[in-house]
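# A look at the structure
Chain by chain, the residues run as shown.
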Amino acid sequence: MNRMNGIMKPRYLIGLTAVAGLMAVAAPAQAPSFAMLGTLEKGQWSLVERGQGGASKNICLGDATQLLQSEHPGAQCSRYTIRDGADEVTVHYTCGKQGHGRTTVRKETPRLVQIDTQGIRNGQPFSFAYEARKGGGC
């Protein structure tokens, strides 16, 4: 070992630090957990647009990540996580030619969430604020 009086030479310390830094950069990124979405009850959910005479739609919620793409259901989309918190998840997603969106899901209870979503679907802009509530089974 290259030591001077029991102490490592500075150039070797710098080399070790550089290798440790590269290892940290090379570590795989962890996928977002969306743990909050996992606490929502599965089953029939009704999404009602907030405001006067808001439209509604029903979805059978198995995988709660469906709520992140309510305007692009079933589309294969890539996601970028903006926030993955205990009571709120925000993502930006891109679905190729079908469009893209940014969605925030805020949990009030395991049976009630608020959804704000906006983006482009099939060339047309959308912006919705939904209150989503668990009903019964699917």
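Look up: the structure comes first, before these words.
Small disclaimer: the values here were computed from a predicted structure and weren't measured. (Residues numbered from 1 in each chain as written. Predicted model: local features only at pLDDT ≥ 70, side-chain atom pairs only at ≥ 80, totals over all residues. Heavy atoms only, no water.)

## Remarks on the pairing of strand E3 (residues 43-49)
Quick note on the threshold: When DSSP finds two or more bridges between a pair of strands, those strands are recorded as paired. The helix and strand labels rest on DSSP assignments: H or I over at least four residues marks a helix, E over at least two residues marks a strand, and numbering proceeds from the N terminus.
Both E3 and strand E4 (residues 56-61) contribute to a ladder of 6 bridges, which runs antiparallel. Counted as the bridge partner of Gly43 is Leu61 from E4. What sits between the antiparallel neighbours E3 and E4 is a turn of 6 residues, in which Gly51 has the positive phi angle 115°. Bridge count for E3 against strand E9 (residues 124-134) is 5 bridges, and the pairing is antiparallel. Looking at E9, one finds that Ser46 is bridged to Arg133.

## Digging into the state of the cysteines
Here is the idea: a disulfide is a covalent bond, and it sits between the sulfur atoms of two cysteines. Formally: Cysteine sulfur atoms that pair up within 2.5 Å are treated as a disulfide. Only protein chains enter the accessibility calculation, which uses a 1.4 Å probe; a residue is then buried when its area is under 20% of its type maximum, exposed when over 50%, and partly exposed in between.
Applying the stated criterion to the full structure yields 2 disulfides. Here Cys60 is linked by a disulfide to Cys138, with a sulfur-sulfur distance of 1.9 Å. One quick way to see it: the torsion about the S-S bond of Cys60 and Cys138 is about 115°, and its sign makes the bridge right-handed. With Cys60 in strand E4 and Cys138 in the segment after E9, the pair connects residues that are 78 residues apart, well separated along the chain. A relative accessible area of 40% means that Cys60 is categorised as partly exposed.

## Here's the deal with the nonpolar core
One recurring pattern in soluble globular proteins: nonpolar side chains tend to sit buried together. Basically, it comes down to this: Residue types Ala, Val, Leu, Ile, Met, Phe, Trp, Tyr and Cys, when buried and joined through side-chain atoms within 4.5 Å, form a set referred to as a nonpolar core. Two residues qualify as a contact provided that any one of their heavy atoms is within 4.5 Å of a heavy atom in the partner residue.
In this structure, Leu37, Leu67, Val105, Val113 and Ile115 are the most contacted members of the largest nonpolar core, which totals 21 residues. Looking at this core, the elements that each hand over two or more residues are helix H2 (35-38), E3, strand E6 (88-94), strand E8 (112-121) and E9. In this view, Val113 contacts Leu40, Trp45, Leu67, Val105, Arg106, Lys107, Glu108, Tyr130, Glu131 and Ala132; residues no more than four positions away in its chain are not counted.

## Considerations on the pattern of salt bridges
What counts is decided by this rule: One side-chain nitrogen of Lys or Arg within 4 Å of one carboxyl oxygen of Asp or Glu is enough to make a salt bridge.
In this structure the tally under the stated criterion is 8 salt bridges. A salt bridge links Glu71 to Arg121, with the shortest nitrogen-to-oxygen separation between them at 2.5 Å. With Glu71 in the loop between E4 and strand E5 (78-84) and Arg121 in strand E8, the pair connects residues that are 50 residues apart, well separated along the chain. Looking at Glu71, the relative accessible area reads 5%, which means it is buried. By sharing partners, the salt bridges in this structure join Glu41, Arg111 and Lys134 into a single network.

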